[in-house]
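Below, each chain spelled out in residue letters.
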Amino acid sequence: MTAQPRTEFEASLQRQGSSWTRTTTEGFADAVADAVVEPAVATDLSEWGLDFGDAPVTVDPTPAELLEATTGVAGVTTGIASYGTLAIPSDAKGTEPVSLYPERHVAVVRESDVVADVQAGLDRVAEEFDAEPGSVVFATGASSTGDMGALVSGVHGPKQVHVVVVEDR
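K.L.:
How should I be thinking about the side chain of Thr78 in this particular structure?
P.N.:
When you line up the elements, Thr78 lands in strand β5 (residues 78–80). Side-chain polar atoms of Thr78 contact the side chain of Arg124, separated by 3.4 Å. The residues contacting Thr78, other than those within four sequence positions of it, are Thr85, Leu86, Ala87, Val109, Asp113, Val115, Gly121, Arg124 and Glu128.

K.L.:
What is the right way to look at the sheet that holds strand β3 (residues 58–59) in this model?
P.N.:
The pairing of strands in a sheet happens through backbone hydrogen bonds and is either parallel or antiparallel. Ordered in space as β1-β12-β7-β4-β2-β3, the six strands form an open sheet in which the pairing is parallel. Here the strands that pair on one side only, and so sit at the sheet edges, are β1 (19–23) and β3. Running at roughly 170 degrees to strand β12 (residues 160–166), helix α2 (residues 28–35) makes contact with β1, β4 (71–75), β7 (104–110) and β12 of the sheet.

K.L.:
Can you help me understand the sheet that holds strand β8 (residues 114–115) in this one?
P.N.:
Strand order across the open sheet formed by four strands is β8-β5-β6-β9, with mixed pairing between neighbours. Because the sheet does not close on itself, it has two edges, and the strands there are β8 and β9 (135–140). Where β5 meets β8, two bridges bridge the pair, whose relative direction is parallel. Within the sheet, the bridge partner assigned to Ile80 lies in β8 and is Val115.

K.L.:
Please clarify how the pairing of strand β6 (residues 85–90) should be interpreted in this entry.
P.N.:
Regular strands show a simple pattern: their side chains alternate between the two faces of the sheet. Of all six residues in β6, five are buried; the element is thus mostly enclosed. Here three bridges tie β5 to β6, and the two strands are oriented antiparallel to one another. In the sheet register, Gly79 faces β6, and the bridge partner there is Leu86. Between β5 and β6, which pair antiparallel in sequence order, lie four residues; one of them, Gly84, sits at a positive phi of approximately 70 degrees.

K.L.:
Which parts of the structure should I look at to understand the nonpolar core?
P.N.:
Soluble globular proteins: nonpolar side chains tend toward being buried together. In terms of nonpolar packing, the biggest core is built from 18 residues, with Phe28, Val32, Phe52, Val57, Val73 and Val108 touching the most fellow members. If you list the elements that add at least two residues to this core, you get α2, β2 (40–42), β7 and β12. Counting residues per element, this core draws most heavily on α2, which supplies four residues. With residues near it in sequence (within four places) discarded, Val57 still touches Val32, Val36, Ala40, Ala42, Phe52 and Val73. Core analysis: the second largest hydrophobic core is formed by 13 residues, Phe9, Ile88, Val109 and Val165 among them.

Calculation criteria
Residues numbered from 1 in each chain as written. Predicted model: local features only at pLDDT ≥ 70, side-chain atom pairs only at ≥ 80, totals over all residues. Heavy atoms only, no water. Helix = DSSP H or I, 4+ residues; strand = E, 2+ residues; numbered from the N terminus. Polar contact = N/O pair within 3.5 Å; in protein donor to acceptor, adjacent residues only side chain to side chain. Contact = heavy atoms within 4.5 Å. Pairing = 2+ DSSP bridges. Axes fitted to C-alpha atoms, helices over the stretch in contact; angles between N-to-C directions. Buried < 20%, exposed > 50% of the residue type's maximum accessible area, 1.4 Å probe, protein only. Core = buried A, V, L, I, M, F, W, Y, C linked by side-chain atoms within 4.5 Å.

This is the structure in structure tokens:
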């Protein structure tokens, strides 16, 4: 049974072909286990109070494990409701390569980190960069390009995107 969107963010994810799961902190490990295709790698999300438990993921993978992974699980700093866009930070944990290299990206976003529109998302990133300069990739749906004629998926990033929305309030 396909979930029906409850929020603008979920409706936007549905329009651009991404799937999603809504869960709590307690249900996080099960939601990840249901979303990954093995082998799977992940970045550590313990600073968000999230534990992978028995989910079949390798946290803090080696480069070889990243190359072999089918799924990458990583937290995103902001979700933009109007387009279902995800802000993927470039950080020392390897969020960017874990998110963009494997063919399936399972993005984790805290519900409180979803903002209404692009301007609110840019304002939020500006605040983060004021505190600590960095870089971020805005990704909307699976990677695709029509540069060579027919639409091709997965050229510059994942072919599939699943978002785990963690209710945190």
